[in-house]
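# Observations on the three-dimensional arrangement
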Amino acid sequence: RRAMLAAFRDRPGETSDGRRIIIEGNIGTPGDAVRVMELGGEGVGLFRSEFLFMDRPDLPSEEEQFQAYKKAVETMDGRPVIIRTLDIGGDKEVPALDLEKEQNPFLGYRAIRICLDRTDLFLVQLRALLRAARYGDLRIMFPMISSVDELRNAKQVLREARDLLDAEGVDYNPNVKVGIMVEIPVAAVCADVLAQEADFFSIGTNDLIQYSCAVDRINEKISYLYRPLHPGVLRLIAMTAKAANENGIECGVCGEMAGTPGMASVLCGLGVTNLSMSASAMPAAKADLAAHSYAECRELAQRLLKTASAEEAEDIFAEWRGE
Ligand code: PEP
Ligand code: MG
């Protein structure tokens, strides 16, 4: 099986009849990109930039951020690298910001909400990203978008960052693609609106499941309610992918679900075009895809979408996997 997976490493992601599904790696530090390359990643679908801000007393400077983003992009050698802007709050603490403790941190002051409030911090990160985009196919992704207003406001700050760099005569790439994470249920439901103003989508299933099923993703007492195959979750994913396809933009999945064995076929069947996962899961995802045609994946997805419960869907999935 090891040798079999090694053979998939150097192949692109595709179904047995050639529908392309781009297989990418999730990274937390620029150094992680090396392993994505070694294991045949076709890009980085999610670079969690939080690592630069956590476990330290101060904030990273524009130069430090620029170097980190540039390194990731250079390591990926021309392949796309999606860098997510600061996604903190919830369970992720940043000592330098000294944020107030909240009763419902996952529903609180976090991610893009902090960035749109603290544009001083946001501008520094966006400037570093625009500058690093000269070294490869860097794309910017905003987390926790719940409405088109937030996307517009974030893009406005991006324009301000460009104006500042222009005024200072600093080199940057003005043609960066700007996408969003779809991880709040209303964003999935309104994906048709968002798709008109985003260059790509990436579905964050970790949070999408948490919010749509109202189940804290880190609370073990209720983890039995955390079901990726809940038909409601699958319908949200299908809606998002449909809106993306109709507007000609890519729709990825970058939550844990993307790298779960067998899920590549399900997500492909739901209309997803990119899957980003931990590097070690990439060869198996390619093998899963290559074992079935696109029509088979679509048929599986249609059956799952029509189920009455997660349990029923899980039975169908287990049978499909031959378990
Ligand atoms: C997600 O929510 O699925 C995701 C990929 O982001 P994170 O796990 O960092 O919240
Ligand atoms: Mg998330």
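This write-up is about the structure you can find in this document. Model, not experiment: these values are computed from the prediction.

## Focus on the coordination of the magnesium ion (ligand 2)
For the magnesium ion (ligand 2), the full set of protein donor atoms is Glu183 (OE) and Asp207 (OD), at a range of 2.0 to 2.1 Å. On the criterion of sequence distance, the pair formed by glutamate 183 in the loop between β5 (177–182) and α7 (185–189) and aspartate 207 in helix α9 (residues 205–212) is long-range, its members being 24 residues apart.

## Quick notes on the site of ligand 1
As a structural note, the neighbourhood of ligand 1 is formed by 13 residues, with Arg48, Arg84, Gly204, Asn206 and Arg217 the closest of them. Within the contact set of ligand 1, an oxygen atom lies 3.0 Å away from a side-chain nitrogen or oxygen of aspartate 207. When isolated, ligand 1 has an accessible area of 290 Å², and the protein chains bury 99% of it. Elements represented by at least two residues in the shell around ligand 1 include exactly β2 (44–48) and α9. Element by element, the count of residues in the shell around ligand 1 is highest for α9, at three residues. When its residues are assigned to classes, the shell around ligand 1 shows three nonpolar, four polar and six charged.

## Some details on the environment of lysine 155
Of note, lysine 155 is situated in helix α6 (residues 148–168). Note: C-alpha distance between lysine 155 and valine 178 (23 residues apart in sequence) is 8.2 Å.

## Side note on the state of the cysteines
Tallied over the entire structure, the rule returns zero disulfides. As a non-bridged cysteine, cysteine 254 has cysteine 251 as the owner of its nearest cysteine sulfur, 10 Å distant. Cysteine 268 takes part in no disulfide bond, and the closest cysteine sulfur, belonging to cysteine 297, lies 4.2 Å away. For cysteine 268, a relative accessible area of 0% gives the class buried.

## Some words on the pattern of salt bridges
Scanning the model with the defined rule gives 23 salt bridges in all. Its salt-bridge partner being aspartate 207, residue arginine 217 comes within 3.0 Å of it at the nearest N-O pair. Residue arginine 217 is found in the loop between α9 and α10 (231–246), and its partner aspartate 207 is found in helix α9; the two are separated by 10 residues along the sequence. Note on arginine 217: relative accessible area 30%, which makes it partly exposed. What emerges from the salt-bridge pattern is a single network uniting Glu50, Arg84, Asp87, Lys92 and Arg110.

## Considering the sheet that holds strand β7 (residues 250–253)
The strand order around the closed barrel formed by eight strands is β1-β2-β3-β4-β5-β6-β7-β8, and the pairing between neighbours is parallel. On average, each strand axis in the sheet is inclined to that of its neighbour by 25°, with strand direction left out of account. Relative to strand β6 (residues 200–203), β5 runs parallel, the two sharing three bridges. Bridged to valine 182 within β6 is isoleucine 203. With respect to the sheet, helix α5 (residues 119–132) is in contact with β3 (80–84) and β4 (137–142), its orientation differing from that of β4 by roughly 155°.

## Structural notes on the environment of phenylalanine 47
Tracing the backbone through its elements, the reader meets phenylalanine 47 in strand β2. On a C-alpha basis, the gap between phenylalanine 47 and isoleucine 27 in space is 4.8 Å, while along the polypeptide they are 20 residues apart. Sequence-distant contacts of phenylalanine 47, that is, excluding residues within four places in its chain, are made with Ile27, Gly28, Thr29, Pro30, Ala68, Tyr69, Ala72, Ile82, Ile83 and Arg84.

## Re helix α14 (residues 310–320)
Listed in full, the buried residues belonging to α14 are Ala310, Ala313, Ile316 and Phe317. Considered in projection along α14, the buried side chains sweep an arc of 125° and stay on one side of the axis. Seen from the buried face of α14, the exposed residues on the opposite side, beyond 90 degrees, are Glu311, Asp315 and Glu319. Residues of α14 that are buried sit in contact with α10, α11 (263–269) and α13 (294–305). Glycine 322 sits one or two positions beyond α14 and adopts a positive phi of about 75°.

Parameters at a glance
Residues numbered from 1 in each chain as written. Chains lettered and ligands numbered in written order. Predicted model: local features only at pLDDT ≥ 70, side-chain atom pairs only at ≥ 80, totals over all residues. Heavy atoms only, no water. Donors = N, O, S within 2.8 Å, 3.2 Å for Na, K, Ca; no water. Helix = DSSP H or I, 4+ residues; strand = E, 2+ residues; numbered from the N terminus. Near = heavy atom within 4 Å. Polar contact = N/O pair within 3.5 Å; in protein donor to acceptor, adjacent residues only side chain to side chain. Areas by Shrake-Rupley, 256 points an atom, 1.4 Å probe, with all protein chains shown as cover. Nonpolar A, V, L, I, M, F, W, Y, C, P; charged D, E, K, R; others polar. Disulfide = S-S within 2.5 Å. Buried < 20%, exposed > 50% of the residue type's maximum accessible area, 1.4 Å probe, protein only. Salt bridge = Lys/Arg side-chain N within 4 Å of Asp/Glu carboxyl O. Pairing = 2+ DSSP bridges. Axes fitted to C-alpha atoms, helices over the stretch in contact; angles between N-to-C directions. Contact = heavy atoms within 4.5 Å. Arc of directions from axis to C-beta.

That's the geometry; what it means functionally is another story.
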